[in-house]
Amino acid sequence: MVEVFAVASGKGGTGKTTSTVALGMALSERYDVTVVDADTGMANMLFHAGLSDAETTLHDVLAESASVEAATYERFGMTVVPCGTSLDGFRDADPSRLREVVARLAADTDVILLDSPPALDSRAAVLPVVMADRTVIVLQPTIPAISDGLKVQEYATSYDTDVAGLLFNKVREDGIERVAEKTERYFEGPTLGAVPESERAREARRAGRPLLAHAPHCDAAAAYRRAADSLSVRDGQSGEVADRFRSAVIPEPP
Ligand SMILES: Nc1ncnc2c1ncn2[C@@H]1O[C@H](COP(=O)(O)OP(=O)(O)OP(=O)(O)O)[C@@H](O)[C@H]1O
Ligand SMILES: [Mg+2]
């Protein structure tokens with residue numbers, strides 16, 4: 001079985017990478033999970049997963065100078081495929097090869113989470129959302145963030161990518177009540193959870209560790225675990241998923 005999720009938002013800094021790694025760790029209690037830094041222009045998963053010294057990354061694979069296996073690392077109970085941060089690495093990488101990378105990974109894992117770029121502004125940036133089975137939309141509970149999240153939903157569903165749900169992040173004391181009615185009315189997926197604004201999350205990033213490893217008992221970690229529990233992973237056939245990725249047409253950005 002395998003299901004591929006894009007973790008997207010339509011805005012920078014909402015917590016996509018934090019959430020990808022946290023959901024990945026939480027889901028790894030039940031599934032064989034692979035997380036991929038598909039934000040190849042502004043990669044930073046390596047800093048969240050203790051891999052800042054990784055010698056081989058997705059950039060090398062996308063430049064055809066390394067195998068997929070050489071860029072996978074077993075960390076925190078998951079398989080992590082980090083991406084490099086250099087401009088040269090980005091320039092040499094062919095983002096369309098991500099299709100083959102995911103197709104290869106799909107043969108050997110239950111859940112793939114694609115940490116996605118913040119904007120849908122290039123062919124490379126739209127690829128994760130277009131190819132995934134479903135997308136998790138990470139957003140702060142503000143009207144502008146919701147409006148950006150709706151654009152992601154519209155784009156995803158126009159390519160038959162379903163919405164797995166909304167994950168509110170950096171939620172402050174006034175909570176999500178103010179926006180709950182709008183999100184229920186306009187979004188197609190359920191609310192998976194509301195992760196509080198958390199100093200532990202910032203500390204974890206500075207320490208180069210996933211939140212669930214750094215502070216497993218804090219409120220934010222518990223919220224991520226509940227969100228992961230509410231996500232029922234579908235049982236896609238690995239071969240079909242791989243074929244779909246290999247043959248995906250890369251669309252134009254909106
Ligand atoms: N719940 C939270 N509470 C407080 N800080 C958080 C929370 N979640 C994430 N952060 C912090 O916000 C910053 C951005 O998080 P992250 O890198 O996960 O966002 P992103 O959406 O992936 O950003 P980008 O668009 O740049 O890829 C980081 O410093 C992270 O530690
Ligand atoms: Mg990120």
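Structure first, text after, so check above.
Caption draft 1: Local environment of the overall build of the protein. Summing up its helical and strand segments, the protein has twelve helices and eight strands in all. Since a compact globule built from 254 residues should have a radius of gyration of about 18 Å, the 17 Å found for the protein is in line with a globular shape. C-alpha extents for the protein along the principal axes are approximately 50 × 40 × 35 Å. Across the protein, every contact between residues at least 6 apart in sequence was considered, and the portion connecting residues at least 24 apart equals 78%.

Caption draft 2: Spotlight on the site of ligand 1. Around ligand 1 sit 21 residues, and of these Gly12, Lys16, Thr17, Thr18 and Arg205 come closest. A class-by-class count of the residues in the shell around ligand 1 yields five nonpolar, ten polar and six charged.

Caption draft 3: Representation of the environment of Glu74 within the structure. By secondary structure assignment, the location of Glu74 is in strand β3 (residues 73–75). Judged by local crowding, Glu74 falls into the exposed class, with 8 C-beta atoms found within 10 Å.

Caption draft 4: Molecular detail of the sheet that holds strand β2 (residues 33–37). Read across the open sheet, the eight strands follow the order β3-β4-β2-β5-β1-β6-β7-β8; overall the sheet is mixed. Strands at the two margins of the open sheet, each flanked by one partner only, are β3 and β8 (191–196). Between one strand and the next, the sheet's axes are offset by a mean angle of 25°, whatever the strand orientation. When strand β6 (residues 134–139) meets strand β7 (residues 162–171), the two strands line up parallel, connected through six bridges. Bridging from a neighbouring strand, Val136 pairs with Gly165 of β7. Against the sheet, helix α5 (residues 98–106) touches β1 (3–8), β2 and β5 (111–115), its axis set at about 155° to β5.

Caption draft 5: Looking closely at the packing of helix α1 (residues 16–27) against helix α11 (residues 219–229). At their nearest, the axes of α1 and α11 sit 9 Å apart, and the two run at 65° to each other. As for the relative orientation of α1 and α11, their crossing is right-handed in sense. Together, Ala22, Leu23, Ala26 and Leu27 of α1 and Tyr224, Arg225, Ala227 and Ala228 of α11 make up the contact between the two elements. For the contact of α1 with α11, the class distribution of residues is seven nonpolar, no polar and one charged.

Caption draft 6: View of the packing of helix α7 (residues 143–158) against helix α8 (residues 177–186). Where α7 meets α8, the axes come as close as 11 Å, and the angle between the chain directions of the two elements is 10°. As judged from the angle between their axes, α7 and α8 are roughly parallel. The residues of α8 that touch α7, namely those facing Ile143, Ile146 and Leu150, are Val179, Lys182, Thr183 and Tyr186. Here the residues of the contact of α7 with α8 sort into five nonpolar, one polar and one charged.

Caption draft 7: Region of the structure containing the pairing of β8. Here four bridges tie β7 to β8, and the two strands are oriented parallel to one another. Its bridge partner being in β8, Val171 is matched across the sheet by Pro196. Between β7 and its parallel partner β8, the chain crosses via α8, and the hand of that crossover is right-handed.

Caption draft 8: Quick look at α7. Between its terminal C-alpha atoms α7 stretches 23 Å, which fits the 22 Å expected from 16 residues at 1.5 Å a residue. For α7, the set of buried residues is Ala145, Ile146, Asp148, Gly149, Val152, Gln153, Tyr155 and Ala156. As for α7, its buried residues are in contact with β1, α6 (123–131), β6, β7 and α8. Where α7 ends, the next residue or the one after it, Asp160, has phi of about 65°, a positive value.

Caption draft 9: Broad picture of the environment of Gly77. Among the secondary structure elements, Gly77 is positioned in the loop between β3 and β4 (78–81). Classification of Gly77 as partly exposed rests on a count of 16 C-beta atoms within 10 Å. Taking the C-alpha atoms as reference points, Gly77 and Asp110, 33 residues apart in sequence, are found 13 Å from one another.

The rules behind these values
- Residues numbered from 1 in each chain as written.
- Chains lettered and ligands numbered in written order.
- Predicted model: local features only at pLDDT ≥ 70, side-chain atom pairs only at ≥ 80, totals over all residues.
- Helix = DSSP H or I, 4+ residues; strand = E, 2+ residues; numbered from the N terminus.
- Rg over C-alpha atoms; globule rule 2.2 N^0.38 Å.
- Contact = placed C-beta atoms within 7 Å.
- Near = placed C-beta within 6 Å.
- Nonpolar A, V, L, I, M, F, W, Y, C, P; charged D, E, K, R; others polar.
- Buried ≥ 20, exposed ≤ 12 C-beta atoms within 10 Å, placed from the backbone.
- Pairing = 2+ DSSP bridges.
- Axes fitted to C-alpha atoms, helices over the stretch in contact; angles between N-to-C directions.
- Left-handed = near helix turned anticlockwise from the far one by under 90°.
- Parallel < 35°, antiparallel > 145°, perpendicular 65-115°, else oblique.
- Right-handed = clockwise from strand over helix to strand, strands pointing away.
- Expected span 1.5 Å × (residues − 1).

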